[in-house]
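Inside the fold
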Amino acid sequence: MFDNLSDKLDKALHVLKGHGQITEVNVAETLKEVRRALVDADVNFKTAKNFTNEVKEKALGQNVLTALKPGELMVKLVKDELTELMGGDAEGINLSGNPSVILMSGLQGSGKTTFSGKLANYLKTKKTKNPLLVACDVYRPAAIDQLHVVGDQIGVEVFSDREEKNPVAISQKAIAYAKENGHNVVIIDTAGRLAVDEAMMNEISDIHKAIEPQETLFVVDSMTGQDAVNTAKAFNDTLNFDGVILTKLDGDTRGGAAISIKSVVNKPIKFIGTGEKMEAIDVFYPSRMADRILG
Ligand code: GDP
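All figures in this text were calculated on a predicted structure; none of them were measured in a lab. (Residues numbered from 1 in each chain as written. Predicted model: local features only at pLDDT ≥ 70, side-chain atom pairs only at ≥ 80, totals over all residues. Heavy atoms only, no water.)

We now examine the nonpolar core. Counting 69 residues, the largest nonpolar core has Met74, Leu82, Leu246 and Ile261 as its most contacted members. Looking at which element gives the most residues to this core, the answer is helix 4 (residues 70–85), with seven residues. Formed by 24 residues, the second largest nonpolar core is a distinct cluster that contains Met104, Tyr122, Val150 and Val219. (Core = buried A, V, L, I, M, F, W, Y, C linked by side-chain atoms within 4.5 Å. Buried < 20%, exposed > 50% of the residue type's maximum accessible area, 1.4 Å probe, protein only. Helix = DSSP H or I, 4+ residues; strand = E, 2+ residues; numbered from the N terminus.)

Below, the structure is given as structure tokens:
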């Protein structure tokens, strides 16, 4: 689905790439195709229209028709605009609390547990923080085990309570534990389900209200196509989250999901996951993603 976006952009820009000279008609047609590709990838119509208007204005301002390599200049203008659309500068994580509480949300299989570990490892090594990981999935004992394995791997303590069946209570106990034991960051890994449902949304919403996290992150598998956008919207409607984590970018996808999600929820993409290992985490850079999407 999203690779369609890359393909369509490729196709639209290809016409210009080879040309030594282009006409106003070439430019207009190309931009129409670009706009259509964006709309097809769920970028809303107004955003897509603004996008192509901006590119057109800049193209005329820079005399694209008489430029030495007009095709290349157009590609650059589209790339710059894509970069802007995906959020300009990378934004960090709010670590102002004591402890700073980070709530992870997302569907089962999106990469929440893996990313919780990666983030703990990142904060520990890069920001010299002392994180605590919290297992809040009360339905799947295997999920608790998985977080313990991750914690052992990176040398980060994991808080779990297999007797307690209320995730709000677990989160609260974990925060109290963190305060007593000098953990200045608490990362709460919550239960996801295979699809968005009311029970899951109520549960995460209850946790969110009770603990008032400094940072609520939504984790999404970049390979899941159209569903990624719908899921992002559903979680954002419930949680008004602070940022998006795009996982599995080491796969085949070129990452068009970044544009659609950003356009639909208007929240920054903060980090990306690029593999199963704990080190496979990167800050999100819009310009790198634009390069990747354009191929
Ligand atoms: P959760 O159910 O949301 O907690 O998802 P998990 O963290 O258990 O991840 C689901 C699967 O995706 C696991 O097999 C992970 O190893 C894998 N995974 C998570 N993040 C990435 C990533 O960035 N790249 C790849 N290739 N696999 C990932």
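As a further point, take the confidence of the model for the protein. Model confidence for the protein is summarised by a mean pLDDT of 90, while 97% of its residues fall at 70 or above. Predicted complex metrics record ipTM = 0.99 and pTM = 0.91. (pLDDT = per-residue confidence, 0-100.)

Bringing the UniProt feature "domain: SRP54-type proteins GTP-binding" (unreviewed entry) in the protein into the picture now. As recorded in UniProt, the sites labelled "domain: SRP54-type proteins GTP-binding" (unreviewed entry) are residues 268–281. Secondary structure across residues 268–281 divides into 0% helix and 43% strand, with the first and last C-alpha atoms of the span separated by 16 Å. (UniProt positions renumbered as here; feature names shortened; annotations may be inferred.)

With that settled, consider the site of the ligand. Around the ligand lies a shell of 16 residues, among which Gly109, Thr113, Thr114, Asp250 and Glu276 are the nearest. Within the side chain of Thr114, a nitrogen or oxygen atom sits 2.6 Å from an oxygen atom of the ligand. Between the ligand and the protein, one listed contact pairs an oxygen atom with a backbone N or O atom of Thr274 at 3.5 Å. In isolation the ligand offers 580 Å² of accessible surface; the protein chains occlude 79% of this area. The greatest single-element share of the shell around the ligand, amounting to four residues, is contributed by helix 5 (residues 112–126). Classifying every residue of the shell around the ligand gives one nonpolar, 10 polar and five charged. (Near = heavy atom within 4 Å. Polar contact = N/O pair within 3.5 Å; in protein donor to acceptor, adjacent residues only side chain to side chain. Areas by Shrake-Rupley, 256 points an atom, 1.4 Å probe, with all protein chains shown as cover. Nonpolar A, V, L, I, M, F, W, Y, C, P; charged D, E, K, R; others polar.)

Let us look at the sheet that holds strand 7 (residues 269–273). The mixed open sheet is built from eight strands, whose spatial order is 3-2-4-1-5-6-7-8. Bordering the open sheet on either side are strand 3 (157–159) and strand 8 (281–283), each of which pairs with just one other strand. Within this sheet the neighbouring strands show an average axis-to-axis angle of 25 degrees, counted without direction. Looking at chain direction, strand 6 (residues 243–247) and strand 7 are connected through three bridges and run parallel. Bridging across to strand 7, Val244 finds its partner in Ile269. On the sheet, helix 6 (residues 141–154) packs against strand 2 (131–136), strand 3 and strand 4 (185–190) and is oriented at approximately 165 degrees with respect to strand 2. Sheet strands touched by helix 8 (residues 198–211): strand 1 (100–105), strand 2, strand 4 and strand 5 (215–221). Its angle to strand 1, the strand with the most contacts, is close to 170 degrees. (Pairing = 2+ DSSP bridges. Axes fitted to C-alpha atoms, helices over the stretch in contact; angles between N-to-C directions. Contact = heavy atoms within 4.5 Å.)

Overall, the coordinates contain 14 salt bridges when judged by the stated rule. As a salt-bridge pair, Asp80 and Lys76 come within 2.7 Å of each other at their nearest N and O atoms. Taken as a pair, Asp80 and Lys76 lie in helix 4 at a separation of four residues, close to a single helical turn. A single salt-bridge network, built from bridges that share partners, covers Glu54, Lys58 and Glu81. (Salt bridge = Lys/Arg side-chain N within 4 Å of Asp/Glu carboxyl O.)

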